[in-house]
Amino acid sequence: MSSQWSAGLNDAELAAFGAEIEALKQRHLAEVGERDARYIKRIVAAVRYTEVLGRGLLFLSFIPPFWVLGTLLLALSKILENMELGHNVMHGQYDFMNEPSLRGADYEWDIVGTGDNWRNSHNFKHHTYTNIKGMDDDVGYGLLRLFPEQRWSPFYLPQLLYATLLGLLFQWGVAIQELELGKVFKGRKSWAQLKAEMKPLLKKTKRQLLKDYLLFPLLSGPLFLSVFAGNLVANLIRNVWTFTIIFCGHFTTHAEVFPKSVLENEQPGHWYLRQLRGSSNLKGGKWFHILSGNLSHQIEHHLFPTVPAWRYAAMSQEVQAICQRYGLHYNTGYLHQQFGQVLWRIVRHAFPSRPEVCYWRTEQTGA
Amino acid sequence: MKALSVTSTDTGSISRGLSNLFSLLVSPEQYDFWARQFGTIEGWSRCYARLEAVSESADGVCLTLRTNRHRATVLGGEACDVSVEIAGRNRTRTGCWERRDGFVLVTVPRAEDDEVYDFLCCRLTVGQRLELTAASGELPQAVANADTVPVTLTRSGQVVNVGRDTSLLEALEEAGVKPTFGCRRGVCNRCSCARVRGQTVDISSGESSSEPGTPIRICVHRAESPLELDL
């Protein structure tokens, strides 16, 4: 393995680094219990109350401020449900509670994408092969060129437009990601297979559309359009917010992309190192972290995806201390800084670009 | 007779359709949440119960429970499982049940050094919320000192012998079973399945656990006793 992929650590240092991170994980896992259960139950309550209040106010939206407040509350509910509740529960963080409604393998969330697709494309592929080009579909979502290591084509020139659309329709992007439509167009996947995979997705999509755009608007009677619009805007707000947070997690300037070869002869500790180097954090207050589903602690989330996410804030202090001791860069910044870097990547790599330091190519060519 | 049965089928499908439509507005989880917020034991499909009385006898602890309308779905045979939340975890024990004066009486047999039994005996208060679930079956017995233990897979009904020294995922694969898996390193939760009964050990922490019904990641757990897995 190239020393570049080991960030200058030798095998023993790499193993020691991994062991420290693993010990930190075990220490927190051993503490998991009542406090974690209380926390997630509060989040569930917040999701339920904000949804009922939001939908209730939308039913009274003949008073205009109620429309705004109702829409914002519904957006808040959907954000909390997707991020702090659904995403974390599906990682199995609360499996310890033995509570069927919070079981990672079965949880179904309030967006058009199915929980099962997410468990495969995100929990498995993205978390196991984080930022490995060709294995982690989240590298550009098959739509964007965010790293110079991705091959350029004129297709990417208008990618700022693609990114804007993806942001607005993010839940739909997540929904179709697992279908890998590109493979179908290139003939590497049959239409019959696509059709079979579409079935559960169509069922879920139908439910989501019926709920937000037909049944709740119908229930409001004469306010059909007002409720319809409120639900639409709440979904849009949630889409843009999740898109922003998620893009800041892996596409900032210093977030790295890796070649498949890093998986060969992977040394102990290297997996942890790769999670660290491929992820970036967001600084902020307590509510910011909750609203981001604690994905603001993207580094900790990638090191410890099965540890209840509210613990990441405390764990990040310890991770930073460990990184400092090993001379490793800990990528963090405020939202405007990190998102600025993401935007720059989208704009810059729409045009031909070359990696500044091309570690693995020099290694392959023996240079 | 024929006309009657057709009508009842229609009623059945209409009520199913309405229930489906209603579930779009209020999911089972939302329904159970709000039922609880309003202080009731009503549930969409789960059988919640309220403790009316508790007494200990030589046999064990007897819980007198008022249940919701779903008791018929969980009370079959002589046994049922009763769950109570202790320190953020749902803990389950099996007991014998009987019906008396509209209540369900569940007797959980005495167990030494069992914190769940002790909790049921001494820490429960009248009005406490519990849940009843259908009893899971008896476990096959392990052959003494054997390197392998029998694992019952509840969905397929298959029983296979697996080694105790490797992860359950690898051991099951060796036995010809192909469970769903992902990262094979305890990260992605793809191989998570409920350990219906039996004891497993977390390979990285060395901690053993046996709480019935709890999901485990089979790529980082190994069998310690005969097991029943929801696979």
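Quick caveat: nothing in here was measured; it's all calculated off a predicted structure.

### Thoughts on the overall build of chain A
- A count of helices and strands for chain A gives 15 helices and 2 strands.
- At 21 Å, chain A has a C-alpha radius of gyration in line with the 21 Å of a compact globule built from 367 residues.
- In terms of overall dimensions, chain A has C-alpha extents of about 70 × 50 × 40 Å along its principal axes.
- Restricting to contacts in chain A with at least 6 residues of sequence separation, those with at least 24 account for 69%.

### A short note on unusual backbone geometry
Residues and elements named next belong to chain A.
- Unusually for a residue other than glycine, asparagine 98 sits at a positive phi of about 55°.
- For asparagine 98, the location among the structural elements is in the loop between α3 (64-90) and α4 (115-128).
- With 22 C-beta atoms packed within 10 Å, asparagine 98 lands in the buried category.
- Not every positive phi belongs to a glycine, and tyrosine 141 is a case in point at roughly 50°.
- Of note, tyrosine 141 is situated in the loop between α4 and α5 (159-168).
- On the basis of neighbour counts, which here come to 18 C-beta atoms within 10 Å, the residue tyrosine 141 falls in the partly exposed class.

### A word on the packing of helix α2 (residues 34-59) of chain A against α3 of chain A
Residue and element names in this part refer to chain A.
- Contact pair α2 / α3: the axes reach a minimum separation of 7 Å and the direction vectors enclose 155°. If you check the angle between α2 and α3, you find them roughly antiparallel. In the crossing of α2 with α3, the sense of the turn from one axis to the other is left-handed.
- For the contact of α2 with α3, a count of residues per class yields 15 nonpolar, 5 polar and 4 charged.

### With respect to the confidence of the model for chain A
- Overall, the predicted model of chain A reaches an average pLDDT of 93, with 96% of residues at or above 70.
- Scored below 50 in pLDDT, residues 358-367 of chain A shows 8 contacts in the model against residues more than four places distant or in partner chains.

### Describing the interface of chain B and chain A
- At the junction of the two partners, chain B supplies 23 residues and chain A supplies 31 residues.
- If you tally residues by element for the side of chain B that touches chain A, the top one is helix α2 (residues 28-37) of chain B, at 3 residues.
- Among the residues forming the side of chain B that touches chain A, the class breakdown is 9 nonpolar, 10 polar and 4 charged.

### Details of the sheet that holds strand β11 (residues 208-209) of chain B
Residues and elements named next belong to chain B.
- With respect to topology, 3 strands assemble into an open sheet ordered β11-β10-β13, the strand pairing being antiparallel. Two strands close off the open sheet at either side, each with one partner strand: β11 and β13 (221-223).
- Sheet topology note: the strand β10 (residues 200-202)/β13 ladder contains 3 bridges and is antiparallel. Each bridged residue has a counterpart across the sheet, and for threonine 200 the counterpart in β13 is alanine 223.

### Focus: helix α8 (residues 191-219) of chain A
All names here are of chain A.
- The end-to-end C-alpha distance of α8, which contains 29 residues, comes to 39 Å, matching closely the 42 Å that a straight helix rising 1.5 Å per residue would cover.
- At lysine 211, α8 shows its strongest bend, of approximately 40°.
- The set of residues buried in α8 consists of Lys204, Asp212, Phe216 and Pro217.
- On its buried side, α8 packs onto α2 and α9 (224-250).
- Glycine 221 sits one or two positions beyond α8 and adopts a positive phi of about 65°.

### A word on the environment of histidine 289 of chain A
Residues and elements named next belong to chain A.
- By the element assignment, histidine 289 lies in helix α11 (residues 286-291).
- What makes histidine 289 buried here is the crowd of 21 C-beta atoms within 10 Å.
- Sequence-wise, histidine 289 and tryptophan 109 are 180 residues apart; in three dimensions their C-alpha atoms are separated by 20 Å.
- Contact partners of histidine 289, with chain neighbours within four places excluded, come to Gly284, Asn294, Ser296, His297 and Ala313.

### Quick word on the packing of helix α1 (residues 11-31) of chain A against helix α13 (residues 312-325) of chain A
Residues and elements named next belong to chain A.
- For the pair α1 and α13, the least separation of the axes is 11 Å and the interaxial angle reads 165°. Considered as vectors, α1 and α13 are oriented roughly antiparallel to each other. For the crossing formed where α1 meets α13, the hand is right-handed. Taking contact as the criterion, the partners of Phe17, Glu20, Ile21, Leu24 and His28 in α1 are, on α13, Met315, Glu318 and Ile322.

### Side note on the confidence of the model for chain B
- Mean pLDDT for chain B: 91, with 92% of residues reaching 70 or above.
- Here the prediction assigns the complex a pTM of 0.93, and the interface score ipTM is 0.91.

### Comments concerning the environment of leucine 74 of chain A
Residues and elements named next belong to chain A.
- Looking at where leucine 74 falls in the secondary structure, it is placed in helix α3.
- It is 14 Å that separates the C-alpha atoms of leucine 74 and alanine 45, two residues lying 29 residues apart in sequence.
- Not counting the four nearest positions on each side in its chain, leucine 74 is found in contact with Glu51, Gly54, Arg55, Leu58, Gly230, Asn231 and Ala234.

Reading the values: the criteria
- Residues numbered from 1 in each chain as written.
- Chains lettered and ligands numbered in written order.
- Predicted model: local features only at pLDDT ≥ 70, side-chain atom pairs only at ≥ 80, totals over all residues.
- Helix = DSSP H or I, 4+ residues; strand = E, 2+ residues; numbered from the N terminus.
- Rg over C-alpha atoms; globule rule 2.2 N^0.38 Å.
- Contact = placed C-beta atoms within 7 Å.
- Buried ≥ 20, exposed ≤ 12 C-beta atoms within 10 Å, placed from the backbone.
- Axes fitted to C-alpha atoms, helices over the stretch in contact; angles between N-to-C directions.
- Parallel < 35°, antiparallel > 145°, perpendicular 65-115°, else oblique.
- Left-handed = near helix turned anticlockwise from the far one by under 90°.
- Nonpolar A, V, L, I, M, F, W, Y, C, P; charged D, E, K, R; others polar.
- pLDDT = per-residue confidence, 0-100.
- Pairing = 2+ DSSP bridges.
- Expected span 1.5 Å × (residues − 1).
- Bend = angle between axes of the 7 residues up to and from the residue.

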